[in-house]
Amino acid sequence: MNRSSEPLGAVLTSLSLLLLIIPWSLGGAYTAEEGAGDAHAGHGGPSEMSAGQFMAITILFEENNWDADAGIVVAPDPGWMVMGGERMSMNPVYLAAYQWGYSPAEIQLEAGVEYQFRMMTMDVYHGASVSTDSGSQMVRLIPGVVIEQRLTFDEPGEYTLYCSYYCGEQHNGMSGKIVVV
Ligand code: CUA
């Protein structure tokens, strides 16, 4: 009688597999991590993806990391693994940019932990900039391209994520928040 639950289960399983597989499949396109200079940030090369695909992954990320008290809480990575010579996080942070904000709008992270951010714009060019203890990190987000950035926040506190690329009338107010505990 309750046959309708089966397709839903299949869809959820497919989405879960997609979430697991995509970091792997993206891995081959990344360039080697830039080792020189700042030890607290690194980034690989870009990979292409549709806005719809990225948003679906971001929504799953939000659901999987949802905490009723603190919102989106991303725990330290259970383990990094090497795929195709590139070190990949098992628990990356997804961030979607749009006119004019970020989703999730607020993320809670732990201090002293390296996180692998995967970011993409859903519409026009945006920026994603944040000042960490080891300096200011800035990336430009290009439609259809997943940008990777590794970030470590050494000190607890509230960090503002802001758009650093003019994207329209509300560009100046486009921001997000990263709470480090
Ligand atoms: Cu988004 Cu400026």
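- Within an unreviewed UniProt entry, the label attached to the chain reads Cytochrome oxidase subunit II copper A binding domain-containing protein, and the organism entered is Candidatus Thalassarchaeum betae.

1. Describing the overall build of the chain
For step 1, the next point in the chain: Along its length, the chain carries two helices and 15 strands.
For step 2, the next point in the chain: For the chain, restricting intrachain contacts to residue pairs at least 6 apart in sequence, the fraction spanning at least 24 positions comes to 64%.

2. Topic: the nonpolar core
For step 1, the next point in the chain: Counting 27 residues, the largest nonpolar core has Val 93, Leu 95, Ala 96, Ala 97, Leu 109, Met 119 and Met 120 as the members making the most contacts within it.
For step 2, the next point in the chain: Put simply, the parts of the chain that give this core at least two residues each are helix H2 (51–64), strand S7 (93–98), strand S9 (106–109), strand S10 (114–121), strand S11 (126–132), strand S13 (145–152) and strand S15 (175–180).
For step 3, the next point in the chain: With five residues, the single largest contributor to this core is S7.
For step 4, the next point in the chain: With sequence-adjacent residues up to four places away left out, Ala 97 is seen in contact with Tyr 102, Met 119, Thr 121, Met 122, His 126, Ala 128 and Leu 141.

3. So, the environment of Phe 153
For step 1, the next point in the chain: In this fold, Phe 153 is placed in the loop between S13 and strand S14 (157–162).
For step 2, the next point in the chain: When the 23 C-beta atoms within 10 Å are taken as the criterion, Phe 153 is described as buried.
For step 3, the next point in the chain: C-alpha of Phe 153 to C-alpha of Tyr 115: the two residues are 38 residues apart in sequence and 9.0 Å apart in space.
For step 4, the next point in the chain: Ignoring anything within four residues of it in the chain, the contact list for Phe 153 reads Leu 109, Ala 111, Thr 132, Asp 133, Tyr 159 and Val 180.

4. Focus: unusual backbone geometry
For residues that are not glycine, phi is negative in most cases, and the peptide bond is trans in most cases.
For step 1, the next point in the chain: Going from Gln 99 to Trp 100, the amide bond is cis rather than trans, its omega being 5°.
For step 2, the next point in the chain: Mapped onto the elements of the fold, Trp 100 is located in the loop between S7 and strand S8 (101–103).
For step 3, the next point in the chain: Geometrically, the link from Ser 103 to Pro 104 is a cis peptide bond, its omega value of 0° lying close to zero.
For step 4, the next point in the chain: Among the secondary structure elements, Pro 104 is positioned in the loop between S8 and S9.

5. Quick word on the pairing of strand S5 (residues 80–83)
The two faces of the sheet receive side chains in turn, since in a regular strand these alternate between them.
For step 1, the next point in the chain: In terms of strand pairing, S5 meets strand S6 (residues 86–89) through four bridges, oriented antiparallel. The residue bridging Trp 80 from the neighbouring strand is Ser 89, located in S6.
For step 2, the next point in the chain: The hairpin formed by S5 and S6 contains two residues between the paired strands, and Gly 84 there has a positive phi angle of roughly 60°.

6. Quick word on H2
For step 1, the next point in the chain: Over its 14 residues, H2 runs 20 Å from end to end, which matches the ideal 20 Å to within 8%, given 1.5 Å per residue.
For step 2, the next point in the chain: Among all positions of H2, only Phe 54, Ile 57, Thr 58 and Phe 61 are buried. Summarising the axial view, the buried residues of H2 lie within an arc of 100°, below the 170-degree limit, and thus occupy one face. Those residues of H2 that are exposed and angled more than 90 degrees off the buried face are Gly 52 and Glu 63.

7. Here's the deal with the confidence of the model for the chain
For step 1, the next point in the chain: For the chain, the mean per-residue pLDDT works out to 80, and 75% of the residues sit at or above 70.
For step 2, the next point in the chain: Within the model, the stretch residues 8–42 combines pLDDT values under 50 with 39 contacts to residues more than four positions away or in other chains.

8. As for the environment of Pro 156
For step 1, the next point in the chain: By the element assignment, Pro 156 lies in the loop between S13 and S14.
For step 2, the next point in the chain: Residue classification places Pro 156 among the exposed residues on the basis of 12 C-beta atoms within 10 Å.
For step 3, the next point in the chain: With 24 residues separating them along the chain, Pro 156 and Val 180 place their C-alpha atoms 4.6 Å apart.
For step 4, the next point in the chain: Ignoring sequence-local partners within four residues, the contact set of Pro 156 consists of Ala 111, Val 180 and Val 181.

Parameters and conventions
Residues numbered from 1 in each chain as written. Predicted model: local features only at pLDDT ≥ 70, side-chain atom pairs only at ≥ 80, totals over all residues. Helix = DSSP H or I, 4+ residues; strand = E, 2+ residues; numbered from the N terminus. Contact = placed C-beta atoms within 7 Å. Core = buried A, V, L, I, M, F, W, Y, C linked by C-beta atoms within 7 Å. Buried ≥ 20, exposed ≤ 12 C-beta atoms within 10 Å, placed from the backbone. Pairing = 2+ DSSP bridges. Expected span 1.5 Å × (residues − 1). Arc of directions from axis to C-beta. pLDDT = per-residue confidence, 0-100.

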